[in-house]
Each structure stands twice: as structure tokens, then as C-alpha cells.
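Examining the three-dimensional arrangement
Below are the chains, spelled out letter by letter.
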Amino acid sequence: MDKLKIHGGRPLRGEVTISGAKNAALPEMCAALLTAEPVHLQNVPRLHDVATMRRLLANMGVHTETHGERGGMSFIAPDSLSPEAPYELVKTMRASVLALGPLLARFGRAKVSLPGGCAIGSRPVDQHIKGLQAMGAIITVENGYMHASLPAGQTRLKGARITTDMVTVTGTENFLMAATLAEGETVLENAAMEPEIPDLAEMLIKMGAKITGHGTSRIVIQGVDRLHGCTHQVVADRIEAGTFLCAVAATGGEAMLHHARADHLGAVIDKLHEAGVKVEAVEGGLKVAASGPLKAQSFRTTEYPGFPTDMQAQFMALNLVAQGSCVVTETIFENRFMHVNEMLRLGASITIDGRVAHIEGGKRLTGATVMATDLRASASLVIAGLVAEGETVVDRIYHLDRGYDRMEDKLRALGADIERIAQ
């Protein structure tokens, strides 16, 4: 497994371009299943999860191509494809469940493996099943697979009012895609509002869907008979942008983040401002600068537009070098403090009480070998390594490659002393 070797102590300075969002690209790749016409995506990030989704679609019979260095991908999903997502591919990426809604909507049947376990906690698919059943689907779970079909004599899903028990991003995306080809009106209550949702909705509208309310907690979809192809640019990755904001701030640097959007990072930027970091929205992106001591900030993760759980670990890394004490409360996932034990190896002062982390900032961090346990934990350890004295080695960075497009290259362009060690 590859590792990253970092020599800390260098402020990050310069310019970096934020890649397309993985959490938008994956559902938008699945949206190509809704039509037999070509679908072209631009700004698709080069990530392990994207490659896995491409293999999953190809395994079904979808024709895929890549175009150039700017993240272009094309998809053609013929009527003859096999609507099945096998365990061998689904087990490595939970987002594979996003194939269920489009397959059922267009082909009237689907066989999708239950996802494998997740290191950061439970992500049940029961809400997906419940919502699609409300639209008339018959779904059974047998031998680790979800078998979905329509009742005898029924050729389309039926519009329905769907209210999930909790806010679910992938559930909202699955229902949104399925409802575009359903008969009648579908109303999604308690819908997720993350920016990737309206980006998917805008793509579906380009394909001929009738959707209103996307970006709010109530989305209304009027089903249509068919969808057509389109060209769509994947929205910039707000979590990658937030990660680089924290990295630049923690190292006391200054940078321009091209394509980053302030309107997608409100809660994170507010906390950065309170910490003493200057973040300015400019044409084409965000400027970030940090000079002088930072102030540690308490925060609580919540659903969008609150502070994102996917930025908890990275902001904790910034808090390690800020002055003062703070409290971080994780409300989304029950096991998302696994990076803490690795941060302690670098000299951090953190105590855990259930879902609450108490941090004493301003401690001297020194390099050590640490192990990544999940995607965002990986990023937080890289940030900590960038400010630690001496050499830090981050092991098991295959997690990092699932969600960051050439992170070490971008950091090196900002002046970091970082290299990948191939194993």
C-alpha cells in the first residue's frame, strides 16, 4: 500500500484548482442509466471510487469513454444492458446503491448487492427500500442482494410522497432519479440539501426531467415518459476546497483556490473567520490567508447547511495548532473519531467522551508514522503532518485516493515537502 512522506513546517502558498466533486460525479454517472442516449460529463475527478463506478456500469453493459485531461467522460446505456450490480464491485463503494433507483425506473427491475461495511459507522439502505416501495416497487432481500421489480402488469413506478426517517443524501438522490420516469408526481419531504443534490437535479433537468424545489427540504418531481442525453459539468468539490482551506490556514499560508465556492462552504468559512483566517470570495474561486496565531473553535456537525461531518477531521487538525481549548461534537456518524489516536502519536492533546472530543490546542506536533483509517481521517493526518516538526509518514493512503484527486501533487505545487512512496 502506498504511503505519503511529509516534512512539515512549510507555509502553503500559491494557486490550486479544486476538482469536481466525487459526491456529485457518482450519482451523475448513475443518472446515465436513465436514457439510451449519450451522456457527457465534464470535470469528473480522477479517483478510485469513480473508476470503480465506471467498472460497475461497464459490467452492466454501459459503454464508457474518457476524454482528455479535463475530466471528460461519456456514457451510453443501451436497452440491452443487464440491470445487476454484483457484490464484487459494490463491496468496495457504498455509492453503488445509487444504481438501484435508475435501473428500476427505466428497466422495471434491478438486482443490487447490499453494500459492505463502513469504517465510520452504519449507513443503512432501509430508507432506500422504504422510499422505492412507496413508489410501487416490490423489493426483497435475499442472499445479500436487493431484488427489485414492478408488480405484474405495471410498467412504471408510481409517483408518491416520500418522507424519510432521517435526512439521507444517497436516498434523496436515488428517489430523485427514480421519480423522473415515474408516473405522476413525487414529493420528497425531509430531502437532503447538500449542493450535490441540486447539481444532480440540474443535470436531470437538462435530460428532460421536471423538478422543482431542489436545494430545499421539499423536492417535487413530475414524471416524464423518457429522458434524453445531455452534457453536464460536475460541480466543484466543496470538501476538497474545505480541506485545502484548513491546510493553508494551519500552515500559516496564503493561496487562491480556483473553482471553490463560498456559498457551498458557509459553516466552514464562518468558523475559519472566527479562528482568525481570512477567506475571501473572488471571481473564479476563494482566496485564503492566515498570518498570526489562530484561535481554536468549537463546532458541532449537522446536516447541510450546518457544519459538515466530512470536514470534522480536517478542522480538528487546524484546531491542534490553534490557541486555546475547544469541543468538537460529531452527530452524524457514531465512529468518526478514529483519527484521534493517530493525532495523539503526533503530540496532540485530545480526549474523547462518546461523540465529543475535547482539544487543547497550541501543542507542539512532531512527526511520526500514522495510519489512515478512512477518507477524511487521511486528509486530517496529512494536514497535521504539514505542520508537525520533522518527518511524518501517512500509511494506507488508498483511503485518500478514494476522495482526493492527486492531493500530493496539488500540495507540492503549493510548496509542501511531500512525496508518495509506492509499495
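Residues numbered from 1 in each chain as written. Predicted model: local features only at pLDDT ≥ 70, side-chain atom pairs only at ≥ 80, totals over all residues. Heavy atoms only, no water.

**A few points about the overall build of the protein**
The criterion, for reference: Each helix is a run of DSSP H or I of at least 4 residues and each strand a run of E of at least 2, with the numbering of both proceeding from the N terminus. Under the scheme applied here, a residue whose accessible area is under 20% of the maximum for its type counts as buried, over 50% as exposed, and between as partly exposed, the area being computed with a 1.4 Å probe on protein chains only. In this analysis, two residues are considered to be in contact whenever any of their non-hydrogen atoms come within 4.5 Å of each other. Only the protein chains shown count as cover for residues, and all accessible areas are computed by the Shrake-Rupley method using a 1.4 Å probe.
Assigned secondary structure in the protein consists of 14 helices and 24 strands. Put simply, the protein has 423 residues, and 57% of those count as buried. Restricting the contact set of the protein to residue pairs at least 6 apart, pairs at least 24 apart contribute 73%. Surface exposure of the protein reaches about 16,100 Å², of which carbon and sulfur atoms provide 48%.

**Observations concerning the packing of helix H1 (residues 22-31) against helix H7 (residues 196-206)**
Quick note on the threshold: The axes used here are C-alpha line fits, helices contributing only the stretch in contact, and every angle between their N-to-C directions lies in the interval 0 to 180 degrees. An angle below 35 degrees is read as roughly parallel, one above 145 as roughly antiparallel, one from 65 to 115 as roughly perpendicular, and any other as oblique. It is the rotation of the near helix from the far one that decides the hand of a crossing: anticlockwise by less than a right angle makes it left-handed, clockwise makes it right-handed. Residue polarity is assigned by list, with Asp, Glu, Lys and Arg as charged and Ala, Val, Leu, Ile, Met, Phe, Trp, Tyr, Cys and Pro as nonpolar; anything else, Gly included, falls into the polar class.
Put simply, H1 and H7 touch, their axes get as near as 9 Å, and they point 30° apart. Taken as axis vectors, H1 and H7 run roughly parallel relative to one another. Seen from above, H1 lies across H7 with right-handed handedness. On H7, the residues that touch Asn23, Ala24, Pro27, Glu28 and Ala31 of H1 are Glu196, Asp199, Leu200, Met203 and Leu204. In terms of residue class, the contact of H1 with H7 is built from six nonpolar, one polar and three charged.

**Describing the confidence of the model for the protein**
For residues with low pLDDT, the predicted coordinates do not support detailed interpretation. The condition that has to hold: A score from 0 to 100, pLDDT tells how confident the predictor is in each residue.
The share of residues in the protein with pLDDT of 70 or more is 98%, and the mean pLDDT across the chain is 94. Scored below 50 in pLDDT, residues 117-122 shows 15 contacts in the model against residues more than four places distant or in partner chains.

**Topic: the packing of aromatic side chains**
To keep things clear, this is the line we draw: Between the rings of Phe, Tyr and Trp (Trp by its six-membered ring), a pair exists once the centres lie within 6.5 Å; its type follows the angle of the planes, with under 30 degrees stacked, over 60 edge-to-face, and the other angles tilted. Here, a charge over a ring means that NZ of Lys or CZ of Arg falls within 6 Å of the ring centre while also lying within 35 degrees of the ring normal.
Within this structure, the stated rule accounts for three aromatic pairs. Ring geometry for phenylalanine 299 versus phenylalanine 307: centroids 4.1 Å apart, planes at 25°, classification stacked. Judged on exposure class, the residue phenylalanine 299 and its partner phenylalanine 307 are both buried. The structure contains a cluster of three or more aromatic residues connected by ring pairs, namely Phe299, Phe307 and Phe315. Note that lysine 111 overlies the ring of tyrosine 145, its terminal NZ or CZ placed 4.8 Å from the centroid.

**What to know about unusual backbone geometry**
Look at the link from tyrosine 304 to proline 305: it is a cis peptide, with omega at 15°. When you line up the elements, proline 305 lands in the loop between strand E18 (299-300) and helix H10 (312-321). Notably, asparagine 190 is not glycine yet its phi reads approximately 60°, a positive angle. Considering the arrangement of structural elements, one finds asparagine 190 in the loop between strand E11 (185-189) and H7. On the accessibility criterion, asparagine 190 (28% relative accessible area) is partly exposed.

**Some points on the nonpolar core**
This is how the line gets drawn: As used in this record, nonpolar core signifies buried Ala, Val, Leu, Ile, Met, Phe, Trp, Tyr and Cys residues forming a set joined through side-chain atoms within 4.5 Å.
Judged by nonpolar contacts, the single largest core of 75 residues is most densely connected at Leu176 and Leu204. The dominant element in this core, judged by the number of residues it contributes, is H1, at six residues. Ignoring sequence-local partners within four residues, the contact set of leucine 176 consists of Leu188, Ile197, Leu200, Ala201, Leu204, Ile211, Ile219 and Ile221. If you look at the next biggest cluster of nonpolar residues, it comprises 72 residues, including Ile239, Ile269, Ala357 and Ala368.

**Points about the sheet that holds strand E19 (residues 325-329)**
As a reminder of what qualifies: For two strands to pair, DSSP has to find at least two bridges joining them.
If you walk across this open sheet you meet the four strands as E18-E19-E21-E20, and the pairing is mixed. A single partner strand is all that each edge strand has here, and the edge strands are E18 and strand E20 (349-353). As judged from the five bridges shared by E19 and strand E21 (residues 356-360), these two strands associate in the antiparallel manner. Bridge pairing links serine 325 to glutamate 360 in E21.

**Here's the deal with the pairing of strand E14 (residues 230-233)**
Residues Cys230 and His232 of E14 are buried on one face, while the alternating residues Thr231 and Gln233, pointing to the opposite face, are not. Both strand E3 (residues 39-42) and E14 contribute to a ladder of four bridges, which runs parallel. Residue pairing for E14: leucine 41 is matched across the bridge by histidine 232.

**Quick notes on the sheet that holds strand E15 (residues 254-258)**
With mixed pairing, the four strands of this open sheet are ordered in space as E2-E15-E17-E16. Taken across any chain shown, the strands that pair with only one partner, and hence form the sheet edges, are strand E2 (13-17) and strand E16 (278-282). With strand direction ignored, the average angle separating the axes of adjacent strands in the sheet is 15°. Alignment of E15 against strand E17 (residues 285-289), held across five bridges, turns out to be antiparallel. In the sheet register, leucine 257 faces E17, and the bridge partner there is leucine 286.

**Side note on the environment of glutamate 342**
Put simply, the test is: Contacts described as polar in this section are N or O atom pairs within 3.5 Å, which, within protein, must combine one atom able to donate a hydrogen with one able to accept it, while residues neighboring in sequence count only if both atoms come from side chains.
Mapped onto the secondary structure, glutamate 342 falls in helix H11 (residues 339-345). For glutamate 342, a relative accessible area of 13% translates into the label buried. For the pair glutamate 342 and serine 380, spaced 38 residues apart in sequence, the C-alpha to C-alpha distance is 10.0 Å. Apart from residues lying up to four places away in sequence, glutamate 342 is in contact with Val370, Met371 and Leu381. Within polar-contact distance, the side chain of glutamate 342 engages the backbone nitrogen of methionine 371 at 2.8 Å.

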